[in-house]
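# Structural features, examined
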Amino acid sequence: MAARGLALVAESSGDVTGAFDLLADARTRCNRLADPYVWLDAYILDALCELGRRHGHPETMRWIDALRTLASRTSMREMTVRAMLHGAALGIEGDLQVAVLLAAGIDSAALASLIDDAAGRAASSD
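Below, the structure is looked at part by part. (Residues numbered from 1 in each chain as written. Predicted model: local features only at pLDDT ≥ 70, side-chain atom pairs only at ≥ 80, totals over all residues. Heavy atoms only, no water.)

Attention shifts here to the pattern of salt bridges. All told, the structure shown has 8 salt bridges when counted by the stated rule. Between Asp25 and Arg29 there is a salt bridge whose closest N-O contact spans 2.7 Å. Residue Asp25 and its partner Arg29 are located together in helix 2 (residues 16-31), separated by 4 residues, close to a single helical turn. A network of salt bridges, in which partner residues are shared, links Glu11, Glu50, Arg53 and Arg54. (Salt bridge = Lys/Arg side-chain N within 4 Å of Asp/Glu carboxyl O. Helix = DSSP H or I, 4+ residues; strand = E, 2+ residues; numbered from the N terminus.)

Right, here's the structure in full:
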């Protein structure tokens, strides 16, 4: 959890490579236990997807797919929505519509804001 925060600080300070390295290390650490922190892995993947989109990282689509698979397999609906929003931001057809449908049953102002932002971007690009 701390490594995720440190990665975001590193990225905001201009150390993008260091941020990706910290997130990769955080994923390794949270998954090496016999009973891994699955929610933390999803949280870290979400940060990787966000940074990857922002900086055009070549692994971004792989991270989005991993988040989508992990979140849907483990019934983390909010993380599934976030994975769909990342996909929509990269132009994957239908991901925004799926995100909107899945988010309808989740009471989260932060998630509603992300949906509104994505819908606004989609409307302005049409």
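So, on to the packing of helix 5 (residues 77-89) against helix 6 (residues 95-103). Put simply, helix 5 and helix 6 touch, their axes get as near as 8 Å, and they point 160° apart. Overall, the two elements helix 5 and helix 6 adopt an arrangement that is roughly antiparallel. Between helix 5 and helix 6 lies a crossing of left-handed hand. Together, Arg77, Thr80, Val81, Met84, Leu85, Gly87 and Ala88 of helix 5 and Asp95, Leu96, Val98, Ala99, Leu102 and Ala103 of helix 6 make up the contact between the two elements. Residues of the contact of helix 5 with helix 6, tallied by class, amount to 9 nonpolar, 2 polar and 2 charged. (Axes fitted to C-alpha atoms, helices over the stretch in contact; angles between N-to-C directions. Parallel < 35°, antiparallel > 145°, perpendicular 65-115°, else oblique. Left-handed = near helix turned anticlockwise from the far one by under 90°. Contact = heavy atoms within 4.5 Å. Nonpolar A, V, L, I, M, F, W, Y, C, P; charged D, E, K, R; others polar.)

The next thing to look at is helix 6. Those residues of helix 6 that sit buried are Asp95, Leu96, Ala99 and Ala103. The buried residues of helix 6 occupy an angular sector of 100° when projected down its axis, which confines them to one face. Summarising the contacts, the buried residues of helix 6 are in contact with helix 4 (60-73), helix 5 and helix 7 (109-125). (Buried < 20%, exposed > 50% of the residue type's maximum accessible area, 1.4 Å probe, protein only. Arc of directions from axis to C-beta.)

Looking now at the environment of Leu90. Its location among the elements puts Leu90 in the loop between helix 5 and helix 6. For Leu90, a relative accessible area of 43% translates into the label partly exposed. Between the C-alpha atom of Leu90 and that of Arg32, which follows or precedes it by 58 residues, the distance is 30 Å. For Leu90, the residues in contact, after removing those within four places along its chain, are Arg53, Thr60, Met61 and Ile64.

Counting through the fold element by element, Glu11 comes out in helix 1 (residues 2-12). Those residues in contact with Glu11 that sit more than four places away from it in its chain are Val16, Ala19, Leu51, Arg54 and His55.

Our next topic: the nonpolar core. If you look at the biggest cluster of nonpolar residues, it comprises 24 residues, and the most contacted ones within it are Leu23, Ile44, Leu48 and Leu67. Those elements that place two or more of their residues in this core are helix 1, helix 2, helix 3 (38-55), helix 4 and helix 5. For this core, the element with the highest residue contribution is helix 3, accounting for 8 residues. With sequence-adjacent residues up to four places away left out, Leu23 is seen in contact with Arg4, Ala7, Ile44, Ala47, Leu48 and Leu51. (Core = buried A, V, L, I, M, F, W, Y, C linked by side-chain atoms within 4.5 Å.)

Glancing now at the side chain of Arg68. Its place among the elements puts Arg68 in helix 4. Setting aside its immediate chain neighbours within four residues, Arg68 contacts Met61, Ala83, Met84, Gly87, Ile92 and Asp95.

The next point concerns helix 5. Compared with an ideal rise of 1.5 Å per residue, which puts 13 residues at 18 Å, helix 5 spans 18 Å between its outermost C-alpha atoms and is within 8% of the ideal. Those residues of helix 5 that sit buried are Met79, Thr80, Val81, Ala83, Met84, Leu85, His86 and Gly87. Phi for Gly91, located one or two positions after helix 5, is positive at around 90°. (Expected span 1.5 Å × (residues − 1).)

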